Amino acid sequence: KPVRERQRLPVVPQGIERDEFLAALDELKAQLGGEFVEVNDKPLRDGWYMEHPNTHDMMTILDEEELVASAVVYPSTTEEVQQIVLWANKYLIPIFPISMGRNLGYGGAAPRVRGSVTIDLGKRMNKILDINSEDYTCLLEPGVSFYALYEALKEKGYDHMWIDTPDLGGGSVLGNTLDRGVGYTPYGDHWACHAGLEVVLPTGEVIRTGMGALPENNTWQTFPYGFGPYSDGIFSQSNFGIVTKMGMTLMPNPGGYESFMYTFQNEEDLGPLMEIIRPLRIGMILENVAQVRHIAQTIAVRGHPRSKFYQGSGPIPDEVLHAAAVESPVGDHTWAYYGMSYGPPHIRAYKLAIVDAEFRKIPGAKKVDPKSLPEDEYFWSRDRIAAGIPDIHELRWVNWTPNGAHIAFSPVSPIRSADAMKLFDMGKKLHHQYGIDFFPAFCVGLREMHLIVEIVFDRDDAERKKAAMDCLRDMIDQAAALGYGEYRTHLVLMDQVAGTYSWGDGALMKFNERLKDALDPNGILAPGKSGIWPKRYRGRGWEM
Ligand code: ADP
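Please read these numbers as outputs of a predicted model, since none were measured by experiment.

## Brief notes about the packing of helix H1 (residues 18–32) against helix H2 (residues 78–91)
Helix packing geometry: the angle between the two helix axes and the distance between the axes.
At step 1: In contact at an axis separation of 11 Å, H1 and H2 are set at 160° when each is read in the N-to-C sense. The orientation of H1 relative to H2 falls into the category roughly antiparallel. Note on packing geometry: the crossing formed by H1 with H2 is right-handed. Residue-level contacts link Glu-20, Ala-24, Leu-25, Glu-27, Leu-28, Gln-31 and Leu-32 of H1 to Glu-80, Gln-83, Ile-84, Trp-87, Lys-90 and Tyr-91 of H2.
At step 2: Classifying every residue of the contact of H1 with H2 gives seven nonpolar, two polar and four charged.

Quick look at the structure:
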């Protein structure tokens with residue numbers, strides 16, 4: 001795609017004059033070194049996943065200039081992060097920390113407030129500080145990607161330990177964990193698997209959580225709680241601190257693994273399938289996040305553009321999808337289940353026999369033989385990911401539209417037939433209303449499931465972007481009316497989603513605002529993130 005060259009004046013944060021801002025940046029340059037403070041005055045380039053910009057959201061649903069940084073700074077130590085925070089307090093400049101900024105679908109590297117100074121932690125703070133091969137733990141800086149951690153274990157010959165990776169492995173382990181991202185081994189709940197943080201507070205002090213507060217400790221990564229209130233929670237999906245180190249637990253190599261795939265014929269099979277999955281998942285017979293994917297996504301992940309199958313406007317008709325799927329392992333079925341069984345052969349055989357007997361209770365259920373699948377089949381990407389091997393095959397469905405970008409709707413629900421069908425029907429109806437292809441996947445965590453709906457849109461088509469936004473906003477409201485809330489959301493939807501968590505006259509948000517005002521009295525750190533606005537911004541028209 002040709003780069004749109006154009007002149008850009010750097011954006012300046014609101015409330016400060018351009019000259020004063022540039023002078024303040026010079027002061028920061030003197031502290032960090034000139035090359036580690038960059039004014040964002042170049043044309044905005046979208047790049048692609050592995051060469052993504054850190055100045056804006058490469059998959060923006062708004063105008064590209066809306067959520068854009070004024071400058072990017074690159075600290076190399078916790079002390080430099082403290083210096084940046086003190087500098088921001090001095091000039092009341094909003095700062096926005098990212099680890100690597102590959103948070104695609106949720107805002108990428110973009111700050112919530114236009115003109116914020118982005119702190120790109122990952123570029124220079126990218127060390128694996130420790131891998132403990134006896135405790136199965138590691139201690140990481142923000143710039144360690146899932147790929148990098150995986151490679152480091154391989155290099156050291158630590159075959160007895162696995163990492164866990166999300167669908168795309170290029171992101172930061174620390175950033176993804178703070179945003180409560182998930183992966184597909186039994187250690188898939190990243191937040192639950194972390195142990196210990198080092199955090200720079202918005203007023204510049206540094207704390208270590210859990211056992212890290214004990215000066216001579218040797219258990220920071222093995223006992224997450226320490227003594228007293230468990231503070232880690234307030235640093236995830238929040239704007240209460242900048243995390244500079246994080247401990248992570250590693251999974252023991254289970255001694256063997258085996259992916260399996262089932263397909264189910266009809267859309268309505270989803271309901272009974274959920275009733276079967278629930279006890280199997282809670283009982284750990286299904287050992288990793290159980291994924292049930294709709295045929296539409298199965299087609300799209302093959303990487304062809306939608307125009308190969310359909311040239312009409314409006315959502316692609318079901319019969320076209322089914323015709324397109326005939327050559328795929330899903331054949332004439334609608335749902336694909338991807339799972340993995342762990343352990344030596346006899347242990348796997350025991351669990352897989354139970355799964356097989358249960359899944360076959362759905363009439364027409366089919367088990368796909370992995371031996372029949374070519375090497376580049378999506379199944380093998382799921383196989384790698386469920387074995388903790390980072391991958392980026394998942395990105396292929398972004399080719400569905402020209403200039404493809406995506407944004408997610410991800411409500412949490414019980415693992416029940418009625419809930420799955422209610423969410424599916426609501427999503428399908430609204431996608432049809434807005435003329436959008438519906439890509440639902442149900443991901444069963446343990447006692448709940450996330451429905452992940454990815455809307456793929458052409459980022460150069462203002463009308464389709466508006467349709468996507470309208471559809472998302474309606475889905476969020478209608479889901480909330482039915483009792484479902486999002487587990488995570490894009491920057492532009494944070495106010496709305498936070499607003500749905502309104503029990504007790506918004507008691508939780510009032511509590512968050514009280515914490516925010518106490519911890520960040522000048523309101524400099526990531527204002528508006530997760531819908532939490534500091535006093536200086538509240539009620540002044542920043543919400544959207
Ligand atoms: P990824 O891990 O996918 O590269 P990011 O680095 O963008 O993603 O992190 C995801 C989210 O977590 C962002 O919204 C960012 O604001 C927040 N975040 C990332 N790193 C930190 C950090 N070190 N301290 C505080 N918040 C962070």
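What follows continues from the structure just given.
## A word on the site of the ligand
At step 1: Lining the immediate surroundings of the ligand are 21 residues, of which Ser-99, Met-100, Arg-102, Val-243 and Lys-529 lie closest.
At step 2: Separating an oxygen atom of the ligand from a backbone N or O atom of Pro-97 is a distance of 3.1 Å.
At step 3: For the ligand, whose unbound accessible area comes to 550 Å², protein coverage reaches 95%.
At step 4: Elements supplying a minimum of two residues to the shell around the ligand: strand S3 (95–98), helix H4 (173–178) and strand S10 (242–249).

## Digging into the side chain of His-194
At step 1: On the secondary structure map, His-194 appears in strand S8 (residues 194–200).
At step 2: Look at His-194 and you get buried, because its relative accessible area is 2%.
At step 3: Polar side-chain contacts of His-194 include one of 2.7 Å to the backbone oxygen of Trp-191.
At step 4: Non-local contacts of His-194, meaning those with residues more than four positions away in its chain, are made with Thr-177, Pro-224, Tyr-230, Asp-232, Met-246, Gly-247 and Met-248.

Rules and cut-offs
Residue numbering note: each chain is counted from 1, following its sequence as written. In keeping with the model being predicted, local features are shown solely for residues with a pLDDT of at least 70 and side-chain atom pairs are shown and tallied solely at 80 or more, while totals for entire chains, interfaces and linings include all residues. Values shown for side chains rest on all heavy atoms present in the structure; no hydrogens or waters enter the calculation. Axis definition: a line fitted to C-alpha atoms, over the contacting stretch in the case of helices. Angles run 0 to 180 degrees between N-to-C directions. Labels follow the DSSP assignment, with helices taken as runs of H or I lasting at least four residues and strands as runs of E lasting at least two, numbered in each case from the N terminus. In these notes the angle categories are as follows: under 35 degrees is roughly parallel, over 145 is roughly antiparallel, 65 to 115 is roughly perpendicular, and the rest is oblique. Here a crossing is taken to be left-handed if its near helix is turned anticlockwise relative to the far helix by less than a right angle, and right-handed if that turn runs clockwise. Any two residues whose heavy atoms approach within 4.5 Å at even a single point are treated as in contact. Amino acids outside the nonpolar list (Ala, Val, Leu, Ile, Met, Phe, Trp, Tyr, Cys, Pro) and the charged list (Asp, Glu, Lys, Arg) are all regarded as polar, and Gly is one of them. Near residues are defined by distance, with any heavy atom within 4 Å of the molecule or strand qualifying the residue. Here a polar contact means two N or O atoms within 3.5 Å. Within protein one must be a hydrogen donor candidate and the other an acceptor candidate, and residues neighboring in sequence count only if both atoms are side-chain atoms. For every accessible area listed, the method is Shrake-Rupley and the probe measures 1.4 Å; residues are considered covered only by the protein chains on display. Accessible area is worked out with a 1.4 Å probe on protein chains only. A residue is then buried under 20% of its type maximum, exposed over 50%, and partly exposed in between.

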